[in-house]
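Coordinate analysis (summary)
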Protein chains: 2
Amino acid sequence: MNNDSSSRIATRLRDWIAGAGPGAKLPSTRSLVAEYQASPVTVQKALQTLTGQGLIESRPGVGTFVRAVRTARPSDYSWQTAALRSPQAPLPPASATMRGASNDAIAFHSGYPDRELLPERLVRAALIRAARGDAALSRPPAAGLPELQSWFAQELRASTPVGITPPNPSDVIVLPGSQSGLSSIFSALAGSGQPLVMESPTYWGAILAAAQAGVRVVPLPSGPDGPDPEDLARAFEETGARLFYAQPNYANPTGAQWAAGRGEQILDVVRKYGAFLVEDDWAHDFGISTTPVPVAAQDDSGHVIYLRSLTKSVSSAIRIAGVIARGPARERILADRAAESMYVSGLLQAAALDVVTQPGWQTHLRSLRHQLQSRRDLLVTSVRGHIPQAHLEHVPKGGLNLWLRLPDGTDLERLTLDCERAGVMIAAGTDWFPAEPAGAFIRLNYSGPNPGAFPEGARIIGQCMEQNMS
Amino acid sequence: MNNDSSSRIATRLRDWIAGAGPGAKLPSTRSLVAEYQASPVTVQKALQTLTGQGLIESRPGVGTFVRAVRTARPSDYSWQTAALRSPQAPLPPASATMRGASNDAIAFHSGYPDRELLPERLVRAALIRAARGDAALSRPPAAGLPELQSWFAQELRASTPVGITPPNPSDVIVLPGSQSGLSSIFSALAGSGQPLVMESPTYWGAILAAAQAGVRVVPLPSGPDGPDPEDLARAFEETGARLFYAQPNYANPTGAQWAAGRGEQILDVVRKYGAFLVEDDWAHDFGISTTPVPVAAQDDSGHVIYLRSLTKSVSSAIRIAGVIARGPARERILADRAAESMYVSGLLQAAALDVVTQPGWQTHLRSLRHQLQSRRDLLVTSVRGHIPQAHLEHVPKGGLNLWLRLPDGTDLERLTLDCERAGVMIAAGTDWFPAEPAGAFIRLNYSGPNPGAFPEGARIIGQCMEQNMS
C-alpha cells in the first residue's frame, strides 16, 4: 500500500466531492483504480480516509455517496409552532431533584436513595431468578401478577384493625411506578377541569401529574400534624372537589406525619362529602422512630385510594407500585392504565415480589431504619451547627428529607446556584408548592451518597447563606 | 395436651364469640387457663383451632380478637357513582385480543407472538447480564439510555436516503412500550377535543389511546395500497386536523403495505397542511417477502413522528419502544412522558439494547422471517381450503395477521362464541374500526402457539361459519 498515493487520491477526490455536492454517487472502485492507476487497496484506503472525515458514506450493495454536510442546512421546525398550538395543559419543567450530579458533589437534592441503601444482593438475585423463569417471556394480566396483587393486599391487611374488612388481592392494580398511578388516578377520578385538593407543600411529582391530567389544584395548607379537617371540609364545600391527595406518613418534602386520630378525622370529612382520599404511602418502608400505619387501613367503604411504591426502597430499575381501590373507582383507574400501557412488565413484577418476600427483606428494612436514623441525625446536627439561619420546624420521624425554612427574602435561585458552584446540590422548596410558596424553603435529602460529607455540605450551605443575606 | 379439653374450650369460646361480636377482645390466655382450669398448651390449642376457622385473629403484643365475618356485610360503593360523575372520555373495553386462552385452545386471537418465535436464549442472557450490571440499581435519563437512543436512531438512519439528514440519538425518546407512546403523542400533539385522522381499519390500541387522550377521531379508509392522498388532503381540509396516525408497513389488522411512492405522496400532503404523520412501525421486524422501509426515512423536516417497538419481537417482558421526533414536537412528547412516568426502567433498556446488538439477533430475525412465512402460508392454505365463505383480500407481505372478510350479515358475536366453544379463539374485526365497521371481518393471527393445528382451526371456523349462515 502506498500512503502517498492514497493521500493524493483522497485530495483529488475531495475536490471532486466539493464539485459534485451532497448525494452524488462516487465512481466505482474499479473506475477509480483505472482513473488513478492505483491498486484497489490504495483506492480503498483513500475512500476510508474520506469516510473517516465524514465526507462520503458507503451503502453496501448500492455504492458510495457524498454525504450531506449537516451544518450546511440547519433544520427549521418553526412550522410546528402552528401545528402544535399552545399546550392545553402546560407542564412545569422537570424538578431540579431529577438533575444528575458529578461524582464529587455533595448531593442533597435527589429524591432517590443512594445505592448503598438498596438491597443490592436481593435485587440482583431476584432479577436473575426472574430472567431464568417464566416471567422473562410472558405477559401478565392488566391488573398485575396475582401473587404480587396478593402481597400488596396483605401488606395493607396487616395494618387493618378488627372490624374493618381488609382489601382483597383483586382490589390491587400493579403499576409501573407510582407516578403513573398519580396520572391515572387524577385523570380517571377527577379529570380535566375538575378540582383536586392537595396538601401544600406536597410532592412535586403529584403537582406535575395534576397538571398533566388538567385538573384544577386546590391547595390545602398542611403542618407538622397534617391538614386541619375543617379546612378540608371548607375546601370540599367551596370547590365541589371530590378528591384529596395527601401523604399522611412522612410527607415529601416536610417529613410530617399526621397526628394520632387525624387520619380518622380526615376520613370522616372525606366520607361526609362523598369524596376520595388519595393516600400516597411513598415512604412506607422509611419509618425511623415510628411505624407508619396507612389511613387506608381504617377504610373499607372505598373512600381511600391507596398508593404504595417499591421503586425507592427496592431499586429504581424495578419500577413497581400498587394502587388499592375498591368499587367503580378501581374500574376507572384500571381502564385508564390499560389504555396507557396495557400491562406492566411481568419480569419487573416477579423480581419485585421476589425481593419483598425474601427473609432478607425484613433484615434489610431493619438495617435501613438504622442507617436512615444516623444519616438524619447527622444532617440535623450539621444543619444546626452550620446553618444558623435555617429553621428546622421538626425532626421527621421517617422519610428521606429535612425541610428547612430560610429567612424571608432569601434569593433561592442564587443560593442553589452558589451552592452548586461550591460543590453542594440542594433543592429549592419552590417545586413543592402547587401555588405560590409560603416562604423560602430548601429540602435536604439525607439518603444520598457519602453521608460523611454532610457536615462539610452544611458548612458550605451556611457560607452561601451568609453571602446571600449580605 | 388433652384434645378433648381443647375441643371443649373451643366450643365454649365459640359461643362466647357469637355473643361478643366482631372486634371484641378475648380474655388473656392466663384468664382462660384459670377459667377453664386447663393447661396453657390446651388453651393455645383451642385458640389455634378457632384461628384456623377464621373466627379469631391474634395481633402480636395487643391480644386476640373476634374477626369480622366478611360475608355478613356486603360492601356498598354506590356513593362513588355520584363522586365519579360520567367519564369525560369513556374508554372502550379492552380488546378481545388480550384474552387469555386455555392451553389446548387453537389461538388465532392474540396480538403477541408465541414464545417459540422469541429469541429466548438472547433474552434470558441479556436480562441476566443487565441484572449483574449497573442498570439493576441506577436511574437512566428521562429520554432513555443514550446507547439505546443511538441504536434507535441508527436503525432509522440505515434506511435514510442520501440527501436526507438522518435522525440524531437525541431525537429519540425511549418508551415503556409503544402504547404509552401513542397516548403521549395524541395528548401532546393534538389534545382533548382536537381532531386526529386515523386509517380505518387500524390498530385497536391506537383507537383506545385516542379515546384516552380525548381526541376526536376522523377515520380515513385505507386499502391494500394504503390511503388515498386526496382523501387525506380532504380530511385535513375539512377538519383542520394536524395529525395523521398510520401504519405504512404491514398494518394491523389488514397486513397492508403502502404501495411504492405512496409514502412520498402522503408526506407531500402532510407537509402541505403543516401536519404530522405518526408512523407506527410496529411490524418492522416482521417482514416476510419484503423489507419494510419507514416513511420517516424520507423526512428530515420534523413532519414524521416515528414509533418503533421491540416488545413483540424481543419479549413482552422487555416492554421497550422508541419514538423519534424532531423539533418542539419532541419536547412536547418528552414533557408528557416525564409527567406520566419520569423514566423507563434502565434494566429493561439495557436488556433490550443487549438483545438487539448481539450477532444472534440478526440470525434470529432471519429465522423468524422463515417461520412467519411458513405459518402465514399454512394459514392461507387452511383458510382457502376450509373457510370458503371467507374472502382474503390479499396475502400480507409481512406482519402477523390475516384479515378476512366474511359475507355481510355474518353474526360476528355468535361466530366468535361458537368458535370459542369449539376450542378456537378468533378476533372479530369490530375492535379495529374507529367508527362503524365497513363489513364483517375477522382477524387471524398466525404467530400463536401450535401452528400444526392451523388446518384444524380453520376447519372449525368454516363449520361455525356454516352454522352462522344457516
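Definitions and limits used
Residues numbered from 1 in each chain as written. Chains lettered and ligands numbered in written order. Predicted model: local features only at pLDDT ≥ 70, side-chain atom pairs only at ≥ 80, totals over all residues. Heavy atoms only, no water. Pairing = 2+ DSSP bridges. Helix = DSSP H or I, 4+ residues; strand = E, 2+ residues; numbered from the N terminus. Phe/Tyr/Trp six-rings, centres within 6.5 Å; stacked < 30°, edge-to-face > 60°. Buried < 20%, exposed > 50% of the residue type's maximum accessible area, 1.4 Å probe, protein only. Salt bridge = Lys/Arg side-chain N within 4 Å of Asp/Glu carboxyl O. Contact = heavy atoms within 4.5 Å. Axes fitted to C-alpha atoms, helices over the stretch in contact; angles between N-to-C directions. Least-squares fit on C-alpha atoms with pLDDT ≥ 70 in both. Buried area = accessible area lost by both parts, 1.4 Å probe. Nonpolar A, V, L, I, M, F, W, Y, C, P; charged D, E, K, R; others polar. Domains from an automatic or database assignment. Arc of directions from axis to C-beta. Parallel < 35°, antiparallel > 145°, perpendicular 65-115°, else oblique. Polar contact = N/O pair within 3.5 Å; in protein donor to acceptor, adjacent residues only side chain to side chain. Disulfide = S-S within 2.5 Å. Left-handed = near helix turned anticlockwise from the far one by under 90°.

1. Points about the sheet that holds strand β11 (residues 321-324) of chain B
All names here are of chain B. Strand order across the open sheet formed by eight strands is β4-β11-β10-β9-β8-β5-β6-β7, with mixed pairing between neighbours. At either margin of the open sheet sits one strand with a lone partner, and together these are β4 (172-175) and β7 (226-227). Pairing of strand β5 (residues 195-200) with strand β8 (residues 243-246), which is carried by two bridges, proceeds in the parallel orientation. Bridged to methionine 198 within β8 is tyrosine 245.

2. Digging into the packing of aromatic side chains
One pass over the full model with this rule turns up 24 aromatic pairs over all chains. Relative to Tyr112(B), the ring of Tyr343(A) lies with its centre 6.1 Å away and its plane at 75 degrees, an arrangement referred to as edge-to-face. In this pair, Tyr343(A) is assigned in the loop between α11 (328-341) and α12 (346-357) and Tyr112(B) in the loop between β3 (106-107) and α5 (120-132), connecting two distinct chains. Take Tyr343(A) and Tyr112(B): they sit in the same class, and that class is buried. Where Trp403(A) meets Trp432(A), the ring centres are 6.2 Å apart and the plane angle is 75 degrees; that geometry is what we call edge-to-face.

3. Side note on the pattern of salt bridges
A pair can form between side chains of opposite charge whenever their charged atoms are brought close. Counted according to the given criterion, the structure contains 34 salt bridges over all chains. Residues Arg115(B) and Asp134(A) are paired through a salt bridge, measuring 2.5 Å at the closest nitrogen-oxygen approach. Of this pair, Arg115(B) sits in the loop between β3 and α5 while Asp134(A) sits in the loop between α5 (120-132) and α6 (146-157), which puts the two residues in different chains. A relative accessible area of 29% places Arg115(B) in the partly exposed class. Between Glu331(A) and Arg330(A) there is a salt bridge whose closest N-O contact spans 3.4 Å. Using a relative accessible area of 46% as the deciding quantity, one classes Glu331(A) as partly exposed. Taking the relative accessible area as the measure of exposure, Arg330(A) reaches 11% and is therefore buried. It is possible to trace a salt-bridge network through shared partners that takes in Glu155(A), Asp285(A) and Arg308(A).

4. Quick word on the sheet that holds strand β15 (residues 427-428) of chain A
Residues and elements named next belong to chain A. The strand order across the open sheet built from four strands is β12-β13-β16-β15, with neighbouring strands paired in antiparallel fashion. Each having just a single partner strand, β12 (391-392) and β15 make up the two edges of the open sheet. Of the strand pairs in this sheet, β12 and strand β13 (residues 401-406) are connected by two bridges, and their pairing is antiparallel. Counterpart to leucine 392 in the pairing with β13 is leucine 404. The strands touched by helix α13 (residues 359-386) are β12, β13 and β16 (440-445); relative to β13, the strand with the most contacts, the crossing angle is about 15 degrees.

5. Notes on the relation of the copies chain B and chain A
Both copies of the chain are tied together by a single rotation about an axis and a shift running along it. Mapping chain B onto chain A calls for a screw motion: a turn of 179 degrees about the axis and a shift of 0.2 Å along it, with 0.5 Å RMSD after fitting. On the angle and the small slide along the axis, the relation comes out as a two-fold axis. Rotation axis and chain B: the residue whose C-alpha lies nearest the axis is Ile128(B), separated from it by 2.7 Å.

6. Comments concerning the interface of chain B and chain A
With 94 residues of chain B at the interface, the matching set in chain A holds 92 residues. In total, chain B and chain A occlude about 8,000 Å² of area from one another, counting both sides; carbon and sulfur atoms represent 52% of this. Among the secondary structure elements, those contributing two or more residues to the side of chain B that touches chain A are β1 (56-59), β2 (63-66), α4 (79-84), α5, α7 (178-189), α8 (204-213), α11 (328-341) and α12 (346-357) of chain B. The biggest single contributor to the side of chain B that touches chain A is α11(B), with 10 residues. In the side of chain B that touches chain A, the residues fall into 42 nonpolar, 31 polar and 21 charged.

7. Here's the deal with the pairing of strand β1 (residues 56-59) of chain A
Residues and elements named next belong to chain A. The sheet contact formed by β1 and strand β2 (residues 63-66) spans four bridges and is antiparallel. Paired with arginine 59 across the two strands is glycine 63, which belongs to β2. Turn length for the β1-β2 hairpin, with the two strands adjacent in sequence and antiparallel, is three residues, and the turn residue glycine 61 shows positive phi of about 85 degrees.

8. Re the domain arrangement of chain A
For chain A, the assigned domains are domain 1 (6-66), domain 2 (96-111 + 361-469) and domain 3 (119-357). Taken over C-alpha atoms, the centre of domain 1 of chain A sits 59 Å from the centre of domain 2 of chain A.

9. A short note on helix α14 (residues 412-421) of chain A
Count 3.6 residues to each turn of an α-helix, and residues three or four apart come out pointing the same way. Residues and elements named next belong to chain A. The complete set of buried residues in α14 reads Leu412, Leu415, Thr416, Asp418 and Cys419. The buried side chains of α14 occupy one side of the element, clustering within an arc of 165 degrees when seen end-on. Exposed and facing more than 90 degrees away from the buried side of α14 are Glu413 and Arg421. The inward-facing, buried residues of α14 contact β13, β14 (424-425), β15, β16 and α15 (454-469).

10. Section: unusual backbone geometry
Across the junction of Ser200(A) and Pro201(A), the peptide omega takes the value 0 degrees, indicating a cis bond. Looking along the chain, the bond that leaves Asn252(B) and enters Pro253(B) is cis, with omega of 15 degrees. Note that Pro253(B) resides in the loop between β8 and α10 (262-272). Residue Gln37(B) is not a glycine yet carries a positive backbone phi of 50 degrees. The phi torsion at Asn450(B) lies on the positive side, around 55 degrees, for a residue other than glycine. The residue Asn450(B) is located in the loop between β16 (440-445) and α15 (454-469) in this model.

11. Comments concerning the packing of helix α2 (residues 29-36) of chain A against helix α3 (residues 40-52) of chain A
Residue and element names in this part refer to chain A. Packing of α2 against α3 leaves a shortest axis separation of 9 Å and a crossing angle of 110 degrees. On the basis of their axis angle, the class for α2 and α3 is roughly perpendicular. Contacts between α2 and α3 involve Thr29, Leu32 and Val33 on the former and, on the latter, Pro40, Val43, Gln44 and Leu47. Of the residues in the contact of α2 with α3, the class split is five nonpolar, two polar and no charged.

12. Looking at the environment of Asn468(B)
Residue and element names in this part refer to chain B. Positionally, asparagine 468 belongs in helix α15. By relative accessible area, which is 9% here, asparagine 468 ends up buried. Each C-alpha atom of the pair asparagine 468 and proline 253 lies 23 Å from the other, and the pair is 215 residues apart in sequence. Residues contacting asparagine 468, with those up to four places away along its chain left out, are Thr410, Asp411, Arg414 and Leu415. Among the polar contacts made by the side chain of asparagine 468, one reaches the main-chain amide nitrogen of aspartate 411 at a distance of 2.9 Å.

13. Looking at the state of the cysteines
For the structure on display, the rule yields zero disulfides over all chains. In this structure Cys419(A) is not part of a disulfide, and its nearest cysteine sulfur, from Cys464(A), lies 3.9 Å away.

14. Examining the environment of Glu279(A)
Residues and elements named next belong to chain A. If you trace the backbone, glutamate 279 turns up in strand β9 (residues 276-280). Judged by its relative accessible area of 0%, glutamate 279 falls in the buried class. Along the primary structure glutamate 279 and leucine 368 are separated by 89 residues, whereas in three dimensions their C-alpha atoms are 23 Å apart. Beyond its immediate stretch of four places on either side in the chain, glutamate 279 contacts Ala246, Pro248, Asn249, Pro294, Val295, Ala296, Val304, Ile305, Tyr306 and Leu307.

15. A few points about the packing of helix α7 (residues 178-189) of chain A against α11(A)
All names here are of chain A. For the pair α7 and α11, the least separation of the axes is 9 Å and the interaxial angle reads 120 degrees. As far as their axial angle goes, α11 and α7 are oblique. By crossing handedness, the relation of α7 to α11 is classed as right-handed. Residue-level inspection shows Ser180, Ser184, Ile185, Ser187, Ala188 and Leu189 of α7 in contact with α11, the latter providing Ala329, Arg332, Ile333, Asp336 and Arg337.

16. Side note on the side chain of Asp300(B)
Tracing the backbone through its elements, the reader meets Asp300(B) in the loop between β9 (276-280) and β10 (304-309). Of the polar contacts made by the side chain of Asp300(B), one reaches the backbone nitrogen of Thr165(B); its length is 2.8 Å.

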